[in-house]
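# Chains, contacts and geometry: an overview
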Amino acid sequence: MSGPLEELPRLLALVPYLLTRPGIAFATAAADFGITEDRLRKDLNLLWVCGLPGHYPGDLIEIDFEGDTITLSDPQGVVRPLRLSVDEALALVVALRTLAETPGLADPEPVLRALAKVEAAAGTAAAPADRVAVALEGEGTVLPVVREALARQKVLRLVYWTAGRDETTERDVDPVRLLVVEGSSYLEGWCRRAEGMRVFHLGRVQELEILDEDAAPPRDAPSRDLSQGLFQPAPGDTVVRLALEPGAAWVADFYPCDAVEELGDGRQVVTLRTSGTAWIRRLALSLGASGRVLEPAWLAQRVREDARSALAGYADR
Amino acid sequence: MVAAKKTERLLNLVICLLATRRYLTVQQIREAVPGYGSGEGAAEEEAFRRMFERDKEELRDLGIPLETGSNSGWDDEPGYRIAQRDYQLPEIALEPDEAAALGLAARLWQSAPLAGATGSALLKLRAAGIEPPEGATGLEPRIGATEPAFESCLAGVVQGQVLRFDYRTAGRPAPESRQVEPWGVVSWHGRWYLVAHDLTRQATRVFRLSRITGPVTPEGMTGAVVIPDGSDLRAMVVESAGDTPTTTARVRVRTGSCWELRRTATATAPDGAGWEVVELPYSDHRRFADRVAGYGADAVVLSPDEARLSVVRRLTALAEETATEKTGTEKVATEKTTAEETA
């Protein structure tokens, strides 16, 4: 898409950008602006016919090309970029505050210095940023160790709790990246125990240490595409249908559902896909009368058995 | 290329108004800036006026501070100019570690409209001479905002404008219309909330954005919403979730299991072979019962009674549900058939 509303801000930024970088390469400038070199050439062709009233040669924006480089010598008054808009100031200020306030995610000191400078430069445009807040689970003790292992490219030894099976295991992981998705922090890495790429919820790391061993994740190990969320259906997944009473409507908000059928009066039937059914059994147990497994039948039977054996614990006392 | 011509005209207009100290009348602007046409007829004059009105709107939408005023008390026709002081981004220089922090922060927003705003903000900062590094590898904090209502709620908050929307409340059959003064938006545990003063209920309310159905409509004047001093938005969201513990439960857990429950334990003591008793603070016995019941036979609530009974009630409903579940399935099956018949 291109139109004046998109092009004008770019051109107004391009003039001072080039002014402060005489002799910059076409490729660098195009990359910094996220446009193709062809688009940049069109932008420059437009710039140098613009200028002060009169529009004689001395009134126009002056640009010299030498080989693959650009030098802008007369900006005709467009010497500085435009002030940050409210949305722009808000995006930067809230993001920096979030980094500063999330324990372990970044060294807070340079973040706070950058924040103070951006706020000062934004002026009054930064005020509405006070009305937006982001709380992330930082995992203050675990995160700095994971960051260090990533920076030094060392293997991490985790004592990790797997929620689905409710069991704790020790795993050596070649760390690949640290993710913060949907409010929680995760480590993605090559799990030597599972011999596969795995995502570890940092809130479930009980202990961790950096081993004196260089990390070497397999080069072709696939990283997860996060654009569709952290958890994605796989072909072998079990399809589960749950009937939810109005009080359990949060389930449809909380878990990614393939389908939600409204039955009226706030009752719903949701369809979920899962690779392991242990967590669905837990979910069904915790929902009690307000959620029922409709399909598959064997899972409904397992939940019934789980409930009976759990009740036995209450009969004793 | 009509679009390129228009961009050229707007850029010349900005340069012209930045260069002038005097306010320029529309006629002076028409003569100074190419592209407005020079026809003398009434129709051409009218076309120019409309074109200039649109251009003014577009510059203001881009945040360009277009000033209106007169050069002296005798001028009856107001003119326009752009003050460099209001236009220019003030000087800003970042140390390398500050630029790195900014680079990391800039990757936080994953979705519209804040991802786009970050991109255009970075262009301006680059134009001011800052070079944000491409970022430390391997660190990817992201904040999504997939809720359809996010953009309009954020706009209402920033504009300080009353909002109207339909909201689904758990346990209510149909969404209800709400009219609110928005105070702020908060992301907590990966979900967005709107903190607002509900005008119908005359009370502060926290709305989950995913439960807003349909459009969010702004009403009335911008800047009409006044937020009381000292409002802690985040605290209001946390409080509405009822997460501040008020009671402590004693729960018998199997050794090596229930780690997530144990995480919040204030005390742990052995209780026979293979079992421990943990003390767990909580706020709401129903929600607490949800958490414990999920562990099945590995966790047994000893006290207080209300939490214990809540768990037993959940388990009993499931253990004895053979008969009721059947009717549930039948009802769903019937409704599905009906849907297929009508389709």
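Sequence order as written defines residue numbering, which begins from 1 separately in each chain. All chains are assigned letters beginning at A, and all ligands numbers beginning at 1, according to the order in which they are written. For this predicted model, a pLDDT threshold of at least 70 governs which residues receive local features, and a threshold of 80 or more governs which side-chain atom pairs are given and counted, while totals over whole chains, interfaces and linings are taken from all residues.

Before going further, it helps to spend a moment on the overall build of chain B. A count of helical and extended segments in chain B gives 12 helices and 12 strands. Once the C-alpha set of chain B is aligned to its principal axes, its extents read approximately 95 × 60 × 40 Å. A residue is called partly exposed when the number of other C-beta atoms within 10 Å of its own lies between 12 and 20, exposed at 12 or fewer, and buried at 20 or more, with C-beta atoms placed from the backbone. Looking at the 343 residues of chain B, the share that counts as buried comes to 35%. Helix and strand assignments come from DSSP, with helices taken as H or I runs of at least 4 residues and strands as E runs of at least 2, each series counted from the N terminus.

This paragraph deals with the sheet that holds strand E3 (residues 69-74) of chain A. Residue and element names in this part refer to chain A. Only when DSSP finds a minimum of two bridges between them are two strands counted as paired. On the basis of which strands lie adjacent, the open sheet formed by three strands has the order E1-E3-E2 and antiparallel pairing. The sheet is open, and its two borders are formed by strand E1 (24-25) and strand E2 (62-66), each paired with just one other strand. Taken together, the five bridges between E2 and E3 define a ladder with antiparallel strand orientation. Looking at the pairing, Glu 62 lines up with Asp 74 of E3.

To continue, consider the confidence of the model for chain B. Residues and elements named next belong to chain B. For every residue, the pLDDT score states the predictor's confidence, bounded by 0 at the bottom and 100 at the top. This prediction gives chain B a mean pLDDT of 86; 91% of its residues lie at or above 70. Summarising per-element confidence for chain B, the mean pLDDT is lowest in helix H12 (residues 322-342) (38) and highest in strand E4 (residues 162-167) (96). Prediction confidence for the complex, expressed as pTM and ipTM, is 0.81 and 0.82 respectively.

With that settled, consider helix H6 (residues 142-152) of chain A. Residues and elements named next belong to chain A. Those residues of H6 not exposed but buried are Val 142, Leu 143, Val 146, Ala 149 and Leu 150. Projection of H6 onto a plane perpendicular to its axis shows the buried side chains occupying an angular sector of 125 degrees, all on one side. Remark: residues whose backbone-derived C-beta atoms lie within 7 Å of one another are considered to be in contact. On its buried side, H6 packs onto strand E5 (154-162), strand E6 (167-181), strand E7 (184-191) and strand E9 (205-214). Positive backbone phi, at 55 degrees, marks Gln 153, one or two positions downstream of H6. Note that the arc is computed from the directions linking the helix axis to the C-beta atoms.

Bringing the domain arrangement of chain A into the picture now. Residue ranges assigned to the domains are those given by an automatic or database domain assignment. Parsing chain A into structural domains produces domain 1 (4-74), domain 2 (86-131), domain 3 (142-214) and domain 4 (238-315). Each of domain 2 of chain A and domain 4 of chain A has a C-alpha centre, and the two are 42 Å apart.

Turning our attention to the domain arrangement of chain B. The domain architecture assigned to chain B consists of domain 1 (2-87), domain 2 (96-127), domain 3 (150-240) and domain 4 (247-319). Each of domain 3 of chain B and domain 4 of chain B has a C-alpha centre, and these two points are 35 Å apart.

Taken residue by residue, the interface counts 100 residues in chain B and 103 residues in chain A. Ranked by residues supplied to the side of chain B that touches chain A, first place goes to helix H1 (residues 2-19) of chain B with 13 residues. For the side of chain B that touches chain A, the per-class residue count stands at 57 nonpolar, 22 polar and 21 charged. Bridge count between strand E4 (residues 132-135) of chain A and strand E5 (residues 176-188) of chain B: four bridges; the pairing is parallel. Bridging from a neighbouring strand, A:Ala133 pairs with B:Val186 of E5(B). When residues are sorted by character, Ala, Val, Leu, Ile, Met, Phe, Trp, Tyr, Cys and Pro go into the nonpolar class, Asp, Glu, Lys and Arg into the charged class, and all the rest, Gly among them, into the polar class.

Between A:Glu295 and A:Pro296 the backbone carries a cis peptide bond, its omega angle lying at -5 degrees. Even without being a glycine, A:Gln76 presents a positive backbone phi close to 50 degrees. Positionally, A:Gln76 belongs in the loop between E3 and helix H4 (86-101). One non-glycine residue, B:His189, lies in positive phi territory at about 50 degrees. Its place among the elements puts B:His189 in the loop between E5 and strand E6 (191-198). On the neighbour-count criterion, B:His189 (16 C-beta atoms within 10 Å) is partly exposed.

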